[in-house]
Amino acid sequence: MPIGEVCLVTQRRRDMAKKGWIKKDSELQGFAERNERIANKGAYKNLMLQVNKAARHAKGSSLTSQRQYYHHMDQFVRFTADRFALKNLANLSGKHLAAYIEDRQQTGKSASSIKLDLVAVRYFHDHLSKTRHDLPDNQKLKDHYGLSLERRMFGRVNRRWTDSEYKKMVNLTYRLQHPETGHILQLCREQGLRIHEAVRLSRKDAEMAFKTNSLRIKGKGGLVRKVPLEPSVRSILHTCMRGVARDHKLFVRDEQKAHQVIQATQDFIHNHRDKVADPVARAPGVQLTVHGLRHSYAYEQYQNLIEQGMDPKTARYRVSELIGHSREDVTKIYLTE
(Lines give C-alpha, C1' and ligand atoms only; values in the text may rest on other atoms or scores of the structure.)
Protein backbone atom coordinates (compact mmCIF):
# COMPACT_ATOMS: atom_id res chain seq x y z
CA MET A 1 0.00 0.00 0.00
CA PRO A 2 1.41 3.43 -0.92
CA ILE A 3 2.63 5.58 1.96
CA GLY A 4 -0.13 8.18 1.39
CA GLU A 5 -2.88 5.59 1.65
CA VAL A 6 -1.29 4.09 4.79
CA CYS A 7 -1.32 7.52 6.42
CA LEU A 8 -4.97 8.04 5.44
CA VAL A 9 -6.01 4.70 6.93
CA THR A 10 -4.06 5.47 10.10
CA GLN A 11 -5.76 8.85 10.43
CA ARG A 12 -9.21 7.26 9.99
CA ARG A 13 -8.43 4.77 12.73
CA ARG A 14 -7.37 7.59 15.03
CA ASP A 15 -10.59 9.48 14.29
CA MET A 16 -12.66 6.38 15.03
CA ALA A 17 -10.84 5.90 18.31
CA LYS A 18 -11.93 9.42 19.24
CA LYS A 19 -15.56 8.50 18.59
CA GLY A 20 -15.85 6.34 21.68
CA TRP A 21 -19.27 7.86 22.39
CA ILE A 22 -20.81 5.77 19.60
CA LYS A 23 -22.72 2.90 21.19
CA LYS A 24 -21.18 -0.37 20.08
CA ASP A 25 -23.40 -2.43 17.79
CA SER A 26 -23.03 -5.41 20.09
CA GLU A 27 -24.21 -3.38 23.10
CA LEU A 28 -27.33 -1.80 21.58
CA GLN A 29 -29.69 -4.67 22.40
CA GLY A 30 -28.59 -4.80 26.03
CA PHE A 31 -28.85 -1.02 26.32
CA ALA A 32 -32.41 -1.08 24.96
CA GLU A 33 -33.47 -3.92 27.24
CA ARG A 34 -32.22 -2.06 30.32
CA ASN A 35 -33.86 1.24 29.35
CA GLU A 36 -37.54 1.34 30.35
CA ARG A 37 -38.05 4.51 28.33
CA ILE A 38 -37.55 2.60 25.08
CA ALA A 39 -40.77 0.77 24.23
CA ASN A 40 -40.08 -0.55 20.71
CA LYS A 41 -36.67 -1.99 21.43
CA GLY A 42 -36.31 -3.85 18.13
CA ALA A 43 -37.00 -0.78 16.02
CA TYR A 44 -34.69 1.30 18.20
CA LYS A 45 -31.80 -1.13 17.76
CA ASN A 46 -32.34 -1.34 14.01
CA LEU A 47 -32.37 2.43 13.57
CA MET A 48 -29.36 2.98 15.83
CA LEU A 49 -27.34 0.50 13.78
CA GLN A 50 -28.01 2.80 10.83
CA VAL A 51 -27.09 5.87 12.87
CA ASN A 52 -23.85 4.19 13.94
CA LYS A 53 -22.91 3.46 10.35
CA ALA A 54 -23.45 7.09 9.41
CA ALA A 55 -21.68 8.34 12.55
CA ARG A 56 -18.53 6.34 11.86
CA HIS A 57 -18.06 8.08 8.51
CA ALA A 58 -19.59 11.47 9.33
CA LYS A 59 -17.66 14.56 8.29
CA GLY A 60 -18.10 18.29 8.07
CA SER A 61 -18.36 19.02 11.79
CA SER A 62 -16.02 18.87 14.76
CA LEU A 63 -15.94 15.73 16.88
CA THR A 64 -17.51 17.73 19.70
CA SER A 65 -20.45 18.67 17.47
CA GLN A 66 -20.73 15.12 16.14
CA ARG A 67 -20.95 13.77 19.66
CA GLN A 68 -23.69 16.25 20.50
CA TYR A 69 -25.59 15.44 17.31
CA TYR A 70 -25.32 11.72 18.04
CA HIS A 71 -26.98 12.07 21.44
CA HIS A 72 -29.75 14.25 19.99
CA MET A 73 -30.26 11.66 17.24
CA ASP A 74 -30.48 8.90 19.84
CA GLN A 75 -33.45 10.70 21.43
CA PHE A 76 -35.09 11.22 18.04
CA VAL A 77 -34.65 7.53 17.18
CA ARG A 78 -36.35 6.48 20.42
CA PHE A 79 -39.33 8.63 19.49
CA THR A 80 -39.65 7.46 15.88
CA ALA A 81 -39.21 3.83 16.94
CA ASP A 82 -42.02 4.07 19.50
CA ARG A 83 -44.40 6.38 17.62
CA PHE A 84 -43.95 5.15 14.04
CA ALA A 85 -42.09 1.81 14.29
CA LEU A 86 -39.82 3.25 11.61
CA LYS A 87 -37.48 0.67 10.09
CA ASN A 88 -35.31 2.69 7.74
CA LEU A 89 -33.87 6.16 8.32
CA ALA A 90 -33.93 6.66 4.58
CA ASN A 91 -37.72 6.93 4.86
CA LEU A 92 -37.66 9.93 7.19
CA SER A 93 -40.02 12.70 6.10
CA GLY A 94 -41.59 15.91 7.29
CA LYS A 95 -44.30 14.14 9.28
CA HIS A 96 -41.66 12.54 11.52
CA LEU A 97 -40.01 15.90 12.20
CA ALA A 98 -43.36 17.59 12.83
CA ALA A 99 -44.49 14.91 15.30
CA TYR A 100 -41.17 15.11 17.16
CA ILE A 101 -41.34 18.91 17.36
CA GLU A 102 -44.83 18.73 18.86
CA ASP A 103 -43.71 16.10 21.36
CA ARG A 104 -40.68 18.15 22.43
CA GLN A 105 -42.73 21.33 22.76
CA GLN A 106 -45.32 19.53 24.84
CA THR A 107 -42.65 18.46 27.33
CA GLY A 108 -41.44 22.04 27.69
CA LYS A 109 -38.24 21.89 25.63
CA SER A 110 -36.92 25.28 24.58
CA ALA A 111 -36.98 26.47 20.98
CA SER A 112 -33.17 26.45 20.88
CA SER A 113 -33.03 22.84 22.04
CA ILE A 114 -35.60 21.76 19.44
CA LYS A 115 -33.72 23.57 16.70
CA LEU A 116 -30.57 21.68 17.70
CA ASP A 117 -32.58 18.44 17.50
CA LEU A 118 -33.46 19.32 13.92
CA VAL A 119 -29.86 20.19 13.06
CA ALA A 120 -28.77 16.78 14.35
CA VAL A 121 -31.43 14.88 12.40
CA ARG A 122 -30.64 16.74 9.18
CA TYR A 123 -26.91 16.20 9.72
CA PHE A 124 -27.29 12.43 9.90
CA HIS A 125 -29.89 12.42 7.13
CA ASP A 126 -27.33 14.10 4.88
CA HIS A 127 -24.88 11.28 5.63
CA LEU A 128 -27.22 8.50 4.49
CA SER A 129 -26.31 7.00 1.14
CA LYS A 130 -29.91 7.03 -0.14
CA THR A 131 -33.02 8.86 1.05
CA ARG A 132 -36.62 8.90 -0.17
CA HIS A 133 -37.54 12.42 0.90
CA ASP A 134 -35.96 15.82 1.29
CA LEU A 135 -36.50 17.00 4.86
CA PRO A 136 -38.39 20.31 5.03
CA ASP A 137 -36.64 23.34 6.44
CA ASN A 138 -38.04 25.19 9.45
CA GLN A 139 -40.10 27.58 7.34
CA LYS A 140 -41.76 24.72 5.47
CA LEU A 141 -42.47 22.96 8.77
CA LYS A 142 -44.23 26.12 9.93
CA ASP A 143 -46.17 26.61 6.68
CA HIS A 144 -47.26 22.99 6.17
CA TYR A 145 -47.71 21.76 9.74
CA GLY A 146 -48.52 25.00 11.54
CA LEU A 147 -45.53 24.63 13.87
CA SER A 148 -43.76 27.59 15.36
CA LEU A 149 -40.11 27.25 16.34
CA GLU A 150 -39.92 30.63 17.99
CA ARG A 151 -39.14 30.97 21.67
CA ARG A 152 -42.13 29.76 23.69
CA MET A 153 -43.47 32.20 26.26
CA PHE A 154 -45.62 31.17 29.22
CA GLY A 155 -49.02 32.86 29.23
CA ARG A 156 -48.99 33.88 25.58
CA VAL A 157 -50.35 31.10 23.34
CA ASN A 158 -53.67 29.32 23.78
CA ARG A 159 -53.53 25.85 22.20
CA ARG A 160 -56.81 24.61 23.67
CA TRP A 161 -59.77 23.49 21.58
CA THR A 162 -63.02 25.35 22.19
CA ASP A 163 -66.02 23.21 23.09
CA SER A 164 -67.51 24.05 19.70
CA GLU A 165 -64.39 22.94 17.80
CA TYR A 166 -64.21 19.72 19.78
CA LYS A 167 -67.87 18.81 19.30
CA LYS A 168 -67.79 19.64 15.60
CA MET A 169 -64.71 17.45 15.04
CA VAL A 170 -66.22 14.49 16.93
CA ASN A 171 -69.48 14.86 15.00
CA LEU A 172 -67.48 14.92 11.79
CA THR A 173 -65.80 11.61 12.65
CA TYR A 174 -69.22 9.99 12.97
CA ARG A 175 -70.61 11.64 9.86
CA LEU A 176 -67.63 10.45 7.80
CA GLN A 177 -67.89 6.97 9.34
CA HIS A 178 -64.73 7.13 11.47
CA PRO A 179 -66.29 6.48 14.89
CA GLU A 180 -63.10 4.99 16.38
CA THR A 181 -61.25 8.19 15.56
CA GLY A 182 -63.98 10.07 17.43
CA HIS A 183 -63.61 7.77 20.43
CA ILE A 184 -59.86 8.35 20.53
CA LEU A 185 -60.35 12.12 20.43
CA GLN A 186 -62.91 11.89 23.23
CA LEU A 187 -60.51 9.93 25.44
CA CYS A 188 -57.77 12.49 24.82
CA ARG A 189 -60.15 15.34 25.69
CA GLU A 190 -62.15 13.84 28.54
CA GLN A 191 -59.28 11.95 30.26
CA GLY A 192 -56.28 14.06 29.22
CA LEU A 193 -54.56 11.14 27.48
CA ARG A 194 -51.73 11.36 25.00
CA ILE A 195 -52.77 9.89 21.69
CA HIS A 196 -50.54 6.82 22.06
CA GLU A 197 -51.92 6.25 25.57
CA ALA A 198 -55.48 6.20 24.20
CA VAL A 199 -54.63 3.99 21.22
CA ARG A 200 -52.89 1.39 23.37
CA LEU A 201 -55.79 0.89 25.77
CA SER A 202 -56.99 -2.72 25.89
CA ARG A 203 -60.33 -4.27 26.81
CA LYS A 204 -58.69 -5.42 30.03
CA ASP A 205 -57.80 -1.80 30.83
CA ALA A 206 -61.41 -0.78 30.25
CA GLU A 207 -62.78 -3.55 32.46
CA MET A 208 -60.40 -2.59 35.26
CA ALA A 209 -61.44 1.06 34.90
CA PHE A 210 -65.06 0.14 35.59
CA LYS A 211 -64.02 -1.77 38.73
CA THR A 212 -61.73 0.90 40.15
CA ASN A 213 -63.43 3.96 38.63
CA SER A 214 -60.07 5.06 37.26
CA LEU A 215 -57.97 4.48 34.16
CA ARG A 216 -54.52 3.00 34.74
CA ILE A 217 -52.22 4.59 32.18
CA LYS A 218 -48.64 3.68 31.38
CA GLY A 219 -47.23 6.88 29.96
CA LYS A 220 -43.93 8.24 28.72
CA GLY A 221 -40.84 6.74 30.27
CA GLY A 222 -42.87 3.86 31.69
CA LEU A 223 -44.44 6.12 34.31
CA VAL A 224 -47.77 4.75 35.55
CA ARG A 225 -50.60 7.01 36.70
CA LYS A 226 -54.26 6.58 37.57
CA VAL A 227 -56.75 9.04 36.13
CA PRO A 228 -60.26 9.24 37.65
CA LEU A 229 -62.76 7.86 35.15
CA GLU A 230 -64.99 10.63 33.89
CA PRO A 231 -68.71 9.72 33.75
CA SER A 232 -68.86 10.76 30.08
CA VAL A 233 -66.21 8.18 29.20
CA ARG A 234 -67.99 5.14 30.61
CA SER A 235 -70.39 4.83 27.67
CA ILE A 236 -67.51 5.40 25.22
CA LEU A 237 -65.54 2.53 26.72
CA HIS A 238 -68.60 0.28 26.67
CA THR A 239 -69.01 0.99 22.95
CA CYS A 240 -65.34 0.41 22.21
CA MET A 241 -65.33 -2.94 24.05
CA ARG A 242 -67.96 -4.51 21.81
CA GLY A 243 -66.52 -7.45 19.88
CA VAL A 244 -63.02 -6.95 21.33
CA ALA A 245 -61.31 -9.88 23.05
CA ARG A 246 -60.05 -9.27 26.60
CA ASP A 247 -56.36 -9.29 25.69
CA HIS A 248 -56.82 -7.13 22.57
CA LYS A 249 -56.49 -3.37 22.08
CA LEU A 250 -59.65 -1.33 21.77
CA PHE A 251 -58.57 0.51 18.64
CA VAL A 252 -55.86 -1.63 17.02
CA ARG A 253 -57.14 -4.47 14.87
CA ASP A 254 -55.14 -7.66 14.36
CA GLU A 255 -53.87 -6.52 10.95
CA GLN A 256 -52.86 -3.09 12.25
CA LYS A 257 -50.04 -1.54 14.25
CA ALA A 258 -50.57 1.11 16.92
CA HIS A 259 -48.55 3.71 15.01
CA GLN A 260 -50.84 3.30 11.98
CA VAL A 261 -53.91 4.13 14.08
CA ILE A 262 -52.08 7.10 15.61
CA GLN A 263 -51.10 8.40 12.19
CA ALA A 264 -54.64 7.93 10.82
CA THR A 265 -56.04 9.95 13.75
CA GLN A 266 -53.53 12.75 13.26
CA ASP A 267 -54.20 12.76 9.52
CA PHE A 268 -57.96 13.08 10.12
CA ILE A 269 -57.41 16.19 12.23
CA HIS A 270 -54.95 17.63 9.72
CA ASN A 271 -57.35 17.06 6.82
CA HIS A 272 -60.45 18.45 8.51
CA ARG A 273 -59.35 20.99 11.11
CA ASP A 274 -59.99 23.98 8.84
CA LYS A 275 -63.66 22.91 8.68
CA VAL A 276 -64.15 23.20 12.43
CA ALA A 277 -61.58 25.77 13.57
CA ASP A 278 -62.93 28.97 15.14
CA PRO A 279 -61.03 31.85 13.46
CA VAL A 280 -61.75 34.09 16.43
CA ALA A 281 -60.42 31.63 19.04
CA ARG A 282 -57.38 30.53 17.00
CA ALA A 283 -54.20 32.56 17.49
CA PRO A 284 -52.31 33.18 14.21
CA GLY A 285 -50.29 30.11 13.24
CA VAL A 286 -51.77 27.92 16.01
CA GLN A 287 -53.47 24.89 14.46
CA LEU A 288 -55.74 22.31 16.02
CA THR A 289 -53.75 19.24 17.03
CA VAL A 290 -54.69 16.15 19.00
CA HIS A 291 -52.45 17.31 21.82
CA GLY A 292 -54.46 20.49 22.12
CA LEU A 293 -57.22 18.32 23.59
CA ARG A 294 -54.92 17.61 26.56
CA HIS A 295 -54.53 21.36 26.96
CA SER A 296 -58.32 21.65 27.18
CA TYR A 297 -58.48 18.86 29.76
CA ALA A 298 -55.68 20.35 31.86
CA TYR A 299 -57.26 23.81 31.84
CA GLU A 300 -60.65 22.39 32.82
CA GLN A 301 -59.20 20.33 35.68
CA TYR A 302 -57.20 23.31 36.93
CA GLN A 303 -60.29 25.54 36.96
CA ASN A 304 -62.26 22.87 38.84
CA LEU A 305 -59.56 22.57 41.50
CA ILE A 306 -59.35 26.34 41.95
CA GLU A 307 -63.14 26.52 42.33
CA GLN A 308 -62.86 23.85 45.03
CA GLY A 309 -60.56 26.15 47.01
CA MET A 310 -57.14 24.69 46.14
CA ASP A 311 -54.27 27.15 45.88
CA PRO A 312 -52.82 27.68 42.34
CA LYS A 313 -49.45 26.01 42.94
CA THR A 314 -50.98 22.88 44.47
CA ALA A 315 -53.60 22.81 41.70
CA ARG A 316 -50.92 22.97 39.02
CA TYR A 317 -49.05 20.10 40.64
CA ARG A 318 -52.21 18.00 40.85
CA VAL A 319 -52.96 18.66 37.18
CA SER A 320 -49.39 17.71 36.26
CA GLU A 321 -49.97 14.33 37.93
CA LEU A 322 -53.23 13.82 36.03
CA ILE A 323 -51.57 14.43 32.66
CA GLY A 324 -48.50 12.33 33.39
CA HIS A 325 -45.90 14.84 34.55
CA SER A 326 -44.36 15.44 37.94
CA ARG A 327 -43.65 19.19 37.95
CA GLU A 328 -46.20 21.92 38.49
CA ASP A 329 -44.30 24.30 36.21
CA VAL A 330 -44.99 22.00 33.23
CA THR A 331 -48.69 22.65 33.78
CA LYS A 332 -48.08 26.31 32.92
CA ILE A 333 -47.53 25.24 29.32
CA TYR A 334 -51.02 23.76 29.25
CA LEU A 335 -52.59 26.80 30.90
CA THR A 336 -51.11 29.40 28.52
CA GLU A 337 -53.39 32.10 27.19
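Residues numbered from 1 in each chain as written. Predicted model: local features only at pLDDT ≥ 70, side-chain atom pairs only at ≥ 80, totals over all residues. Heavy atoms only, no water.

Caption draft 1: Just the overall build of the chain, in detail. When its secondary structure is counted, the chain shows 16 helices and two strands. C-alpha atoms of the chain, sized along the principal axes, occupy 80 × 45 × 40 Å. Pairs at least 24 apart in sequence give 67% of the contacts found in the chain among residues at least 6 apart. Carbon together with sulfur atoms contributes 49% to the accessible area of the chain, which is approximately 17900 Å² in total. (Helix = DSSP H or I, 4+ residues; strand = E, 2+ residues; numbered from the N terminus. Contact = heavy atoms within 4.5 Å. Areas by Shrake-Rupley, 256 points an atom, 1.4 Å probe, with all protein chains shown as cover.)

Caption draft 2: Molecular detail of the nonpolar core. One finds I184, L187, V199, L237 and L250 to be the most contacted residues of the largest nonpolar core, which totals 50 residues. Here this core takes six residues from helix α13 (residues 258–276), the largest share from any one element. Counting residues in each nonpolar core, the second largest holds 40 residues, with A32, I114, L141 and L149 among its members. (Core = buried A, V, L, I, M, F, W, Y, C linked by side-chain atoms within 4.5 Å. Buried < 20%, exposed > 50% of the residue type's maximum accessible area, 1.4 Å probe, protein only.)

Caption draft 3: Structural detail: the packing of helix α8 (residues 163–175) against α13. Viewed as axis vectors pointing N to C, α8 and α13 meet at an angle of 125 degrees, and their least axial separation amounts to 10 Å. As far as their axial angle goes, α13 and α8 are oblique. The two elements α8 and α13 meet at a crossing, and its hand is right-handed. Across the interface between the two elements, E165, K168, M169, L172 and T173 of α8 pack against F268, I269, H272, R273, K275 and V276 of α13. Looking at the contact of α8 with α13 residue by residue, the classes come out as five nonpolar, two polar and four charged. (Axes fitted to C-alpha atoms, helices over the stretch in contact; angles between N-to-C directions. Parallel < 35°, antiparallel > 145°, perpendicular 65-115°, else oblique. Left-handed = near helix turned anticlockwise from the far one by under 90°. Nonpolar A, V, L, I, M, F, W, Y, C, P; charged D, E, K, R; others polar.)

Caption draft 4: Expanded view of the side chain of D82. Mapped onto the elements, D82 comes out in helix α4 (residues 63–84). Within the structure, D82 has its side chain in polar contact with the backbone nitrogen of N40 (distance 2.7 Å). Filtering out sequence-adjacent residues up to four positions away, D82 remains in contact with R37, I38, A39, N40 and R200. (Polar contact = N/O pair within 3.5 Å; in protein donor to acceptor, adjacent residues only side chain to side chain.)

Caption draft 5: Here's a closer look at the packing of aromatic side chains. Inspection of every chain in the model, using the stated rule, returns seven aromatic pairs. Considering the side-chain rings of Y69 and Y123, the 5.0 Å spacing of their centres and the 50 degrees angle between planes classify their relative orientation as tilted. Pair noted here: Y69 is in helix α4 and Y123 is in helix α6 (residues 111–126), with a separation of 54 residues, a long-range link. Y123 carries the same exposure label as Y69, and that label is buried. Measuring from centroid to centroid gives 5.5 Å for Y123 and F124, while their planes differ by 85 degrees, and the two rings are edge-to-face. Taken as a pair, Y123 and F124 share a single burial class, namely buried. Linked through ring pairs, F76, F79, F84 and Y100 together constitute an aromatic cluster. Taking NZ or CZ as reference, R160 lies 3.7 Å from the ring centre of Y299, over its face. Sitting over the face of the ring of Y166, R189 holds its NZ or CZ atom 5.8 Å from the ring centroid. (Phe/Tyr/Trp six-rings, centres within 6.5 Å; stacked < 30°, edge-to-face > 60°. Lys NZ or Arg CZ within 6 Å of the ring centre and 35° of its normal.)

Caption draft 6: Representation of the packing of helix α3 (residues 41–56) against α4 within the structure. At a closest axis distance of 9 Å, the pairing of α3 and α4 adopts a crossing angle of 155 degrees. In terms of their interaxial angle, α3 and α4 are classed as roughly antiparallel. Crossing angle aside, the handedness with which α3 passes α4 is right-handed. Along its contact with α3, which presents A43, Y44, L47, M48, V51, N52 and A55, the element α4 presents Q66, Y70, M73, D74, V77, R78, T80 and A81. Looking at side-chain class alone, the contact of α3 with α4 contains ten nonpolar, three polar and two charged residues.

Caption draft 7: Inspection of the confidence of the model for the chain at higher detail. Mean pLDDT over the chain: 86, with 91% of residues reaching 70 or higher. The low-confidence segment residues 5–17, where pLDDT is below 50, has three contacts with residues more than four positions distant or belonging to other chains. (pLDDT = per-residue confidence, 0-100.)

Caption draft 8: Region of the structure containing helix α7 (residues 138–145). Measuring from the side-chain oxygen of the N-cap residue of α7 to the backbone nitrogen of Q139 gives 3.2 Å; that N-cap residue is D137. With its phi angle positive at about 70 degrees, G146 sits one or two positions after the end of α7.

Caption draft 9: Region of the structure containing the side chain of T80. With respect to the element layout, T80 can be found in helix α4. In contact with T80, not counting residues within four places along its chain, are L47, A85, L86 and H96.

Caption draft 10: Helix α15 (residues 312–322), seen in detail. Buried residues of α15: A315, R316, V319, S320 and L322, and no others. For α15, the angular spread of buried residues about the axis comes to 155 degrees, placing them on one side. Buried residues along α15 sit against β2 (224–228), α14 (292–307) and α16 (328–334). Residue G324 follows α15 closely and has a positive phi angle near 90 degrees. (Arc of directions from axis to C-beta.)

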